[in-house]
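Summary of the model geometry
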There are 2 protein chains.
Amino acid sequence: MSIREEVELLCINAKNASLKLGLLSTEKKNEILLKIAEHLKKDEDSILEANKLDLSSAEEAGVAKAMLDRLTLTSSRLDGIRDSLVSLVSLEDPVGKYQEWTAASGIQIRKAKVPLGVVAMIYEARPNVTVDSAALCLKTGNAVVLRGGREAINTNIALVRSMKDALDCCGIDPHSVELVENTDRESSMALMTMRGLVDVLIPRGGKGLIKSTLENSTVPVIETGAGNCHIYIDESADIEKAINITVNAKCSRPSVCNAAETLLVHAAIAASFLPALSEKLNGKVELRGCPRTRVLIPSSTDATEEDYYTEYNDYILAIKVVDDLSSAIDHINKHSTAHSEAIVTEDDSCAERFLKEVDSAAVYVNASTRFTDGGEFGFGAEIGISTQKLHVRGPMGLFALTTEKYMIRGNGNLR
Amino acid sequence: MSIREEVELLCINAKNASLKLGLLSTEKKNEILLKIAEHLKKDEDSILEANKLDLSSAEEAGVAKAMLDRLTLTSSRLDGIRDSLVSLVSLEDPVGKYQEWTAASGIQIRKAKVPLGVVAMIYEARPNVTVDSAALCLKTGNAVVLRGGREAINTNIALVRSMKDALDCCGIDPHSVELVENTDRESSMALMTMRGLVDVLIPRGGKGLIKSTLENSTVPVIETGAGNCHIYIDESADIEKAINITVNAKCSRPSVCNAAETLLVHAAIAASFLPALSEKLNGKVELRGCPRTRVLIPSSTDATEEDYYTEYNDYILAIKVVDDLSSAIDHINKHSTAHSEAIVTEDDSCAERFLKEVDSAAVYVNASTRFTDGGEFGFGAEIGISTQKLHVRGPMGLFALTTEKYMIRGNGNLR
């Protein structure tokens, strides 16, 4: 069997499983989640052993420290994964919710939430994504086809085996959770073209993965994760709030997508704000600025146009002094990845303009961009953060894994 | 300028226009629609003249009669187009609707409906699509880039010129409605790759167009239109309802996507239903059946497996006798394009199973599949019928042209 045929078979099996999954009650789906949590505990030893195998191969291959850390499972990390799983049980199940009306012709129309069907995930080396994604999909009655990174393959095989055992114990088709075990580029390319079998593909990972998925996929894709986020300090800003928000958005966790990458500062406040910010940061962040910034922060270096397009995911911040709110909005709409942007201002009309005119998934007034997160928004969980406009925008909770179906009742109605 | 650069420039201009369009009030958008209706009346002579030019080229090129008919504009057809335009004024504007809540951290989150931004349409020779699409997009604050078929190019140029004049009269950027005047394959291929400028691409046309769009587009696509629709006559069906629904679904307008293409009949009712249906159709429809069908309708011909996958859009019906409801559901989930399917039954439990287990956009009990339509569903208008699950499913009204934006207010909140 070729790699393509192998992937196709997994998808066919997942599609068949999905037709039955979609009919399960919320109670049954919760039972499955709890059973998986139980099995992951029971299988902890073999899972951690598989993870050690991956870790030693990765070390041998000279994989970077940060990646090794993401790849590592421990007993307490596995407990954390199980806790997230269990927390899904109490979340409201969107499937089955409906609106209903009678049309002019007399037919009775019900628009009901139903699962998407088969969700495919292509991701890199985080084993928690394997369980989190499967759990979110199962809670919403979707089958899932997982294609994780090469570095985590033994861990993923162990995790999926444990989940399949749990499904089996619940009398559920184990094909509901499928893992593509081949980790060559060919297998992800094959998965991207399973239109008709896969209903949506969600890539989670770096720029290269997202770009390749967008270019090669014939399956509908939800673009996630790229976050070139901006903070704009308005003329009327409260300096203390401005400093705290900037520091929080840049430094609290620079590697994540909702961290700030560019700071825009109104010219009228730049002279009081920028030196104070620089003092507060105390050399912890590399500052790259426009000529006006460089005068006010002599330790900063020149920012290039490319800097303003860059998501550093690091302790680096691009800075630009702008003449007014309009310039700030234009800069953001041109350079941003449309993820999250914030204004710091005490002027309501500026706040309103910023909220309306900035074309991003999440737009903030006087709060850190770091809040763009399914948990923080109150969705209980998230399967990624969408930066596209189709289907869903921003943090994707359970509702993002559903679609609609029109169920219509008549009594011999003709058109 | 290359074709690609030309298309890119149109898209850049449309994107800039969209940022302003998205801020307009419902009143202003309605004013624009009425002004366009006024201009289309004022410019009627030049529009009809341009249409004559297209018609004579098409005739010379030996274009099929049905296509010539679709291409033809008359004064009364133009009135019809204007009437649809005016009818949009009274429809509720989804833009600006919102839900609001306070998160655990204290930030106040508003999830508001906003326009998608730039909508691109690739379509064939119906000039009404040019005005309908532009009007639906403008009503929802979207800019639109239109790429119509070669046969209608002069008509489209005249229609778009008239619409642009109306926009200008209202003080609105005429780039809000753009027409790709080049009708080579290269221009539609270029449009398909304008990711970042175009937010969604909606192809409307035949299978070839849809397939090419899905394969080549890097822009998010909404797949529309393919309708291999099924009618299943259950064991418990009322024979008269069954005949009426089948005849209506097949014959009332066979060229459209919600017309029935395959009839499935429970074995226990086949002997009483099929001969009666055949008598009612009286040779008007070519019947292609399975062996059991052929015994009951001697005038039918053999149906191949390919027939069951085919959307005839013609007076042809594939028929298959099935042993039970499960076989009917399996047949549909395997062969259907997931558009519209109906069961005729007097048994509530069969109706419920059919509604739940058939995985299509619209599923009917005792009503014709022909009701799948934005107007019939009460949406007032439609920009197409989605057969995919992402973003929107079934008839796409104004709400399908919107996305969400999170607008968040804090008071110095940090994470």
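Residues numbered from 1 in each chain as written. Chains lettered and ligands numbered in written order. Predicted model: local features only at pLDDT ≥ 70, side-chain atom pairs only at ≥ 80, totals over all residues.

1. Thoughts on the relation of the copies chain B and chain A
The cut-off we apply is this: To superpose the copies, least squares is applied to the C-alpha atoms of every residue with a pLDDT of at least 70 in both. Once C-beta atoms have been placed from the backbone, residue pairs whose C-beta atoms lie within 7 Å are recorded as contacts.
If you rotate chain B by 180 degrees and push it 0.0 Å along the axis, it lands on chain A with an RMSD of 0.0 Å. Here the two chains are linked by the operation of a two-fold rotation axis. Across chain B, the rotation axis passes nearest the C-alpha of His391 of chain B, at a separation of 1.7 Å. An overlap of 100% is found between the interface residues of chain B and their copies at the interface of chain A, pointing to a shared contact surface.

2. A few points about helix α6 (residues 127–139) of chain A
An α-helix turns once every 3.6 residues. As a result, residues three or four positions apart point the same way. All names here are of chain A. Stated formally: Helix and strand labels come from DSSP, where a helix needs a run of H or I of at least four residues and a strand needs a run of E of at least two; each type is numbered from the N terminus. Here the expected span of a helix is defined as 1.5 Å times the quantity of residues minus one. Residues with at least 20 neighbouring C-beta atoms inside 10 Å of their own are called buried, those with 12 or fewer are called exposed, and the rest are partly exposed, where every C-beta is derived from the backbone.
When the terminal C-alpha atoms of α6 are compared, their 19 Å separation across 13 residues agrees well with the 18 Å that a helix rising 1.5 Å per residue should span. Among the 13 residues in α6, twelve count as buried, and that is most of the element. Of the residues making up α6, those classed as buried are Pro127, Val129, Thr130, Val131, Asp132, Ser133, Ala134, Ala135, Leu136, Cys137, Leu138 and Lys139. Gly141 lies just past α6 and shows a positive phi near 75 degrees.

3. Digging into the packing of helix α5 (residues 75–89) of chain A against α6 of chain A
Geometrically, a packed helix pair is captured by the angle between its two axes and the distance between the axes. Residue and element names in this part refer to chain A. Rules: Under this scheme, a helix contributes an axis fitted over its contacting stretch, all axes are lines through C-alpha atoms, and angles between N-to-C directions fall in the 0 to 180 degree range. Any angle from 65 to 115 degrees is called roughly perpendicular, while one under 35 is roughly parallel, one over 145 is roughly antiparallel, and all others are oblique. Classes in brief: Ala, Val, Leu, Ile, Met, Phe, Trp, Tyr, Cys and Pro nonpolar; Asp, Glu, Lys and Arg charged; the others, Gly included, polar.
Interaxial distance between α5 and α6 falls to 10 Å at its minimum, and their mutual angle equals 10 degrees. By the angle class used here, α5 and α6 are roughly parallel. Residues Ile81, Ser84, Leu85 and Leu88 of α5 touch α6, and the partners they reach there are Asn128, Val131, Asp132, Ala135, Leu136 and Lys139. Here the contact of α5 with α6 is built from residues that sort into six nonpolar, two polar and two charged.

4. Considering the pairing of strand β9 (residues 286–289) of chain B
Residue and element names in this part refer to chain B. Stated formally: When DSSP finds two or more bridges between a pair of strands, those strands are recorded as paired. Assignment of crossover handedness uses the view with strands pointing away from the viewer, where a clockwise path from the first strand over the helix to the second indicates a right-handed crossover.
In terms of strand pairing, β9 meets strand β11 (residues 316–322) through four bridges, oriented parallel. The partner of Leu287 across the bridge, within β11, is Leu317. As paired strands, β9 and strand β10 (residues 301–302) are joined by two bridges and run parallel to one another. The residue of β10 that forms the bridge with Arg288 is Thr301. Taken together, β9, helix α12 (residues 291–296) and β10 constitute a β-α-β crossover, and its handedness is right-handed.

5. Side note on the domain arrangement of chain A
Operational definition: Start and end positions for the domains come from either an automated domain assignment or a database one.
In terms of domains, chain A is made up of domain 1 (3–222 + 396–409) and domain 2 (229–375). For domain 1 of chain A and domain 2 of chain A, the distance between their C-alpha centroids amounts to 36 Å.

6. Looking at the packing of helix α2 (residues 26–42) of chain A against helix α7 (residues 153–169) of chain A
Residues and elements named next belong to chain A. Quick reminder of the rule: If you view the pair so one helix is near and one far, a crossing is left-handed when the near helix is turned anticlockwise from the far one by less than a right angle, and right-handed when it is turned clockwise.
Contact geometry of α2 with α7 gives a least axis separation of 8 Å together with a crossing angle of 135 degrees. When the axis of α2 is compared with that of α7, the two are oblique. Taken as a pair, α2 and α7 cross one another with a handedness that is right-handed. Only Ser162, Met163, Asp165, Ala166, Leu167 and Cys169 of α7 make contact with α2, whose side of the interface consists of Ile32, Lys35, Ile36, Glu38, His39 and Leu40.

7. A few points about the interface of chain B and chain A
With 59 residues of chain B in contact, the opposing surface of chain A contributes 59 residues. Residue assignment for the side of chain B that touches chain A shows that the elements contributing at least two residues are α9 (207–216), α10 (239–251), α14 (348–357), β13 (362–367), α15 (374–377) and β16 (402–413) of chain B. Top element by residues in the side of chain B that touches chain A is β16 of chain B. It accounts for eleven residues. Looking at side-chain class alone, the side of chain B that touches chain A contains 26 nonpolar, 18 polar and 15 charged residues. Bridge analysis of strand β16 (residues 402–413) of chain A against β13 of chain B gives five bridges, and the strand direction is parallel. Bridge assignment links Met407 of chain A to a residue of β13 of chain B, and that residue is Val363 of chain B.

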